[in-house]
Amino acid sequence: MAEKAPNRIPWPPLIYVGAAVLGLLLHKWWPVLSLAAGYFRHIGAALLTVGIFLDVFTMLQFRRHHTTILPHKAASHLITSGPFAHTRNPIYLANTMLLAGIGLAFDVPWVIILALPAALLTQKLAIEREERHLAEKFGEAWTSYAAKVPRWLFRL
């Protein structure tokens, strides 16, 4: 029998890609204030760079620990080192940074605006379910880890 997974649908990639596409369409149909100033583009490029680095580094951590990166598959190991020592969701954090970075670097404010709802929707549809899965699977190890490390970069 297959192990219980946190989700049947891989929500996070769908949410983040959907937010980017929706942001680009809204920008085309209903443009808002331009952020074309050079420093916004530089901030966007920095967010893109950090987001890509964090995504790749975290993916390598999943590989190193021989556990799935797929948000609709059951975890086989609890990773608490590397980026997971600072945030319980480094890939989702990186994806949020990528959305904001794209919006700033390419002057598409709608993508920046949609980064927060994408993160909140990811939290509701994926993170909370993943956390229940991890709590069931890893018990006290998960509880102790979750008490020390914030979901994002800070506690709300």
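Rules used throughout
- Residues numbered from 1 in each chain as written.
- Predicted model: local features only at pLDDT ≥ 70, side-chain atom pairs only at ≥ 80, totals over all residues.
- Heavy atoms only, no water.
- Helix = DSSP H or I, 4+ residues; strand = E, 2+ residues; numbered from the N terminus.
- Rg over C-alpha atoms; globule rule 2.2 N^0.38 Å.
- Buried < 20%, exposed > 50% of the residue type's maximum accessible area, 1.4 Å probe, protein only.
- Contact = heavy atoms within 4.5 Å.
- Patch = residues over 30% accessible without salt bridge, like charges linked within 9 Å, V, L, I, M, F, W, Y side chains within 5 Å.
- Areas by Shrake-Rupley, 256 points an atom, 1.4 Å probe, with all protein chains shown as cover.
- Salt bridge = Lys/Arg side-chain N within 4 Å of Asp/Glu carboxyl O.
- Expected span 1.5 Å × (residues − 1).
- Core = buried A, V, L, I, M, F, W, Y, C linked by side-chain atoms within 4.5 Å.

Focus: the overall build of the protein
For the protein, the helix and strand inventory stands at five helices and zero strands. Across the protein, helices and strands are ordered from the amino to the carboxyl terminus as α-α-α-α-α. Against the compact-globule benchmark of 15 Å for 156 residues, the protein has a radius of gyration of 17 Å, which places it among compact chains. When the backbone C-alpha atoms are referred to their principal axes, the protein occupies close to 50 × 30 × 30 Å. A burial count over the protein gives 44% of its 156 residues as buried. Sequence-distant contacts, at least 24 apart, represent 78% of the contacts inside the protein between residues at least 6 apart.

A short note on the side chain of T122
Mapped onto the elements of the fold, T122 is located in helix 4 (residues 109–138). Look at T122 and you get buried, because its relative accessible area is 0%. Beyond its immediate chain neighbours, meaning those up to four positions away, T122 contacts P12, I15, Y16, Y92 and I127.

Brief notes about a nonpolar patch on the surface
Together, V17, V21, L25, W29 and W30 make up an exposed nonpolar region whose accessible area comes to about 560 Å². Owing to a relative accessible area of 34%, L25 belongs among the partly exposed residues under this scheme.

Focus on helix 2 (residues 38–64)
A rise of 1.5 Å per residue sets the reference length of helix 2, with its 27 residues, at 39 Å; its end C-alpha atoms lie 39 Å apart and thus fit the reference within 8%. Inspection of helix 2 places G44, L48, G51, L54, D55, T58, Q61 and F62 among the buried residues, and these make up the whole buried set. H66 occupies a position one or two residues after helix 2 and carries a positive phi of about 55 degrees.

Some points on the pattern of salt bridges
Opposite charge on two side chains permits pairing when their charged atoms draw close. Taken as a whole and assessed by the stated rule, the structure comprises three salt bridges. Across the salt bridge formed by E131 and R88, the nearest N and O atoms sit 2.7 Å from each other. Placement of E131 in helix 4 and of R88 in the loop between helix 2 and helix 3 (90–105) is noted, with a sequence separation of 43 residues between them. Taking the relative accessible area as the measure of exposure, R88 reaches 12% and is therefore buried.

A word on the nonpolar core
Core analysis: the largest hydrophobic core is formed by 33 residues, its most contacted members being Y16, Y92, L99, A118, W142 and W152. Put simply, the parts of the chain that give this core at least two residues each are helix 1 (11–29), helix 2, helix 3, helix 4 and helix 5 (140–148). Setting aside its immediate chain neighbours within four residues, A118 contacts I15, Y16, A19 and L99.

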